[in-house]
Amino acid sequence: MQRAIVGLIVLATLTVPIQSVAQTPPPVPIMPPSLPAAHVVNLMTNEGSGAFGVQWRVADIKMVEVPAPINKDRYKTTYQIEPRAMATDFDDSQWERIEGKDLGVRRSGGHNAFMWFRGLLIMPARVGDFDLSKPAVAVLNVLVDDYAEIWINGQMPRRSGYPSPATIQGLNMPNRVVLGTEVKAGDKFQIAVFAINGPISDPFGSIWFRQAMLEYYR
């Protein structure tokens, strides 16, 4: 009897951490300020992107057939995007390199199209006349034609049933994602924008950035 109890305790000890890791929720989204920004940088210019040393890279996304992970009694296969470029350490070194001014170039062949845009932003000591030696709230404000999901340092902050600026906001609606509430010089943010042509059930046109800005608040 004691052996059985000990065995159950050991089993519980081993399984609880595994479950907690598997069920770790994504970060809770932070709502961006609604007041006017203290400073704004246009990332769709070479000067603006250059202030953060960012090298933008872009790649097409394909849908590939994979074994169904659930409901296997009804479905043998399903589809998944490739590449899955959300992670901070994803190797995008072979992707096409573009400048900040080229974010507005219309891309994709139309219909149901998806693209990745990635870039590493490093906060400078000063951007324009804005001093980052003192912490500030930083907000990434992008508007992709037609939809976007935003990953920051390998995470897409979201919560079901709650406003989540990093997720799809609507047709040609901006994503205003808080990078941090105490951002300072030297902080790094790996940005991965999952861009989608829409409306998804009846898409037309191409994929491009209507705006890309970094807003600072104090």
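Everything in this summary refers to the structure shown in the same document. (Residues numbered from 1 in each chain as written. Predicted model: local features only at pLDDT ≥ 70, side-chain atom pairs only at ≥ 80, totals over all residues. Heavy atoms only, no water.)

1. Thoughts on the overall build of the protein chain
When helices and strands are tallied, the protein chain shows 2 helices and 13 strands. Scored against the burial criterion, the 218 residues of the protein chain give a buried share of 41%. Contacts in the protein chain between residues at least 24 apart in sequence constitute 77% of all its contacts with a sequence separation of at least 6. (Helix = DSSP H or I, 4+ residues; strand = E, 2+ residues; numbered from the N terminus. Buried < 20%, exposed > 50% of the residue type's maximum accessible area, 1.4 Å probe, protein only. Contact = heavy atoms within 4.5 Å.)

2. Digging into the sheet that holds strand 13 (residues 208-217)
Across a sheet, strands are paired by hydrogen bonds formed along the backbone, either parallel or antiparallel in direction. As summarised here, the arrangement of the 4 strands in space is 1-13-9-11, forming an open sheet in which the pairing is antiparallel. Strands at the two margins of the open sheet, each flanked by one partner only, are strand 1 (39-42) and strand 11 (175-183). Recorded for the sheet is a direction-independent mean angle of 20° between the axes of neighbouring strands. As paired strands, strand 1 and strand 13 are joined by 4 bridges and run antiparallel to one another. Counterpart to His39 in the pairing with strand 13 is Tyr216. (Pairing = 2+ DSSP bridges. Axes fitted to C-alpha atoms, helices over the stretch in contact; angles between N-to-C directions.)

3. With respect to the layout of surface pockets
In this structure, the largest pocket occupies an estimated 170 Å³ of space. Around the largest pocket, the lining comprises 13 residues; the ones closest to its centre are Ile152, Pro157, Val177, Val178 and Leu179. For the lining of the largest pocket, the leading source of residues is strand 11, giving 4 residues. (1 Å grid on protein atoms, 1.4 Å probe; cavity = no way out; pocket = protein on both sides within 12 Å on 5 of 7 lines; lining within 4 Å. Points joined across faces, edges and corners; volume = space filled by probe spheres on them.)

4. Notes on the pairing of strand 6 (residues 114-122)
Where burial is concerned, most of strand 6 is hidden: 7 out of the 9 residues are buried. In this sheet, strand 6 lies alongside strand 2 (residues 56-60) in antiparallel orientation, the contact comprising 4 bridges. Residue pairing in the sheet places Ala59 in a bridge with Trp116 of strand 6. Sheet analysis places strand 6 next to strand 12 (residues 188-196), joined by 9 bridges and oriented antiparallel. Within strand 12, the residue paired with Leu120 across the bridge is Gln190.

5. Things to note about the pattern of salt bridges
If you walk through the whole model with that rule in mind, you get 8 salt bridges. Among the ionic pairs, Asp92 bridges to Arg57, the shortest N-O distance being 3.7 Å. Here the residue Asp92 occupies a position in the loop between strand 4 (77-82) and strand 5 (96-98), and Arg57 occupies one in strand 2, the gap between them amounting to 35 residues. Relative accessible area serves as the criterion here: at 14%, Asp92 is assigned to the buried category. Taking the relative accessible area as the measure of exposure, Arg57 reaches 13% and is therefore buried. (Salt bridge = Lys/Arg side-chain N within 4 Å of Asp/Glu carboxyl O.)

6. Considerations on the sheet that holds strand 5
A sheet is described by the order of its strands in space; here 5 strands give the open sequence 5-2-6-12-10, paired in antiparallel fashion. Each edge of the open sheet carries a strand with a single partner, namely strand 5 and strand 10 (147-152). Along the sheet, successive strands turn relative to each other by an average axial angle of 25°, direction set aside.

7. Comments concerning the packing of aromatic side chains
Both the distance between ring centres and the angle between the ring planes are used here to describe each pair of aromatic rings. Enumeration over the complete set of coordinates arrives at 5 aromatic pairs. With centroids separated by 5.5 Å and ring planes inclined at 55°, the aromatic side chains of Phe90 and Trp95 adopt a geometry described as tilted. Its relative accessible area of 23% is what places Phe90 among the partly exposed residues. Assessed through its relative accessible area of 13%, Trp95 is described here as buried. (Phe/Tyr/Trp six-rings, centres within 6.5 Å; stacked < 30°, edge-to-face > 60°.)

8. Digging into the side chain of Arg118
Tracing the sequence through the fold places Arg118 in strand 6. Arg118 sits in the buried class, given a relative accessible area of 1%. Among the polar contacts made by the side chain of Arg118, one reaches the main-chain carbonyl oxygen of Phe90 at a distance of 3.4 Å. (Polar contact = N/O pair within 3.5 Å; in protein donor to acceptor, adjacent residues only side chain to side chain.)

9. Some words on the environment of Asp145
Following the sequence through the fold, Asp145 ends up in strand 9 (residues 136-145). Under the relative-accessibility criterion, Asp145 is labelled buried at 7%. Considering only alpha carbons, one finds Asp145 and Trp208, 63 residues apart in sequence, at a separation of 5.4 Å. Residues contacting Asp145, with those up to four places away along its chain left out, are Asn172, Ile196, Ser206, Ile207, Trp208 and Arg210.

Shape descriptors only; they carry no functional weight alone.
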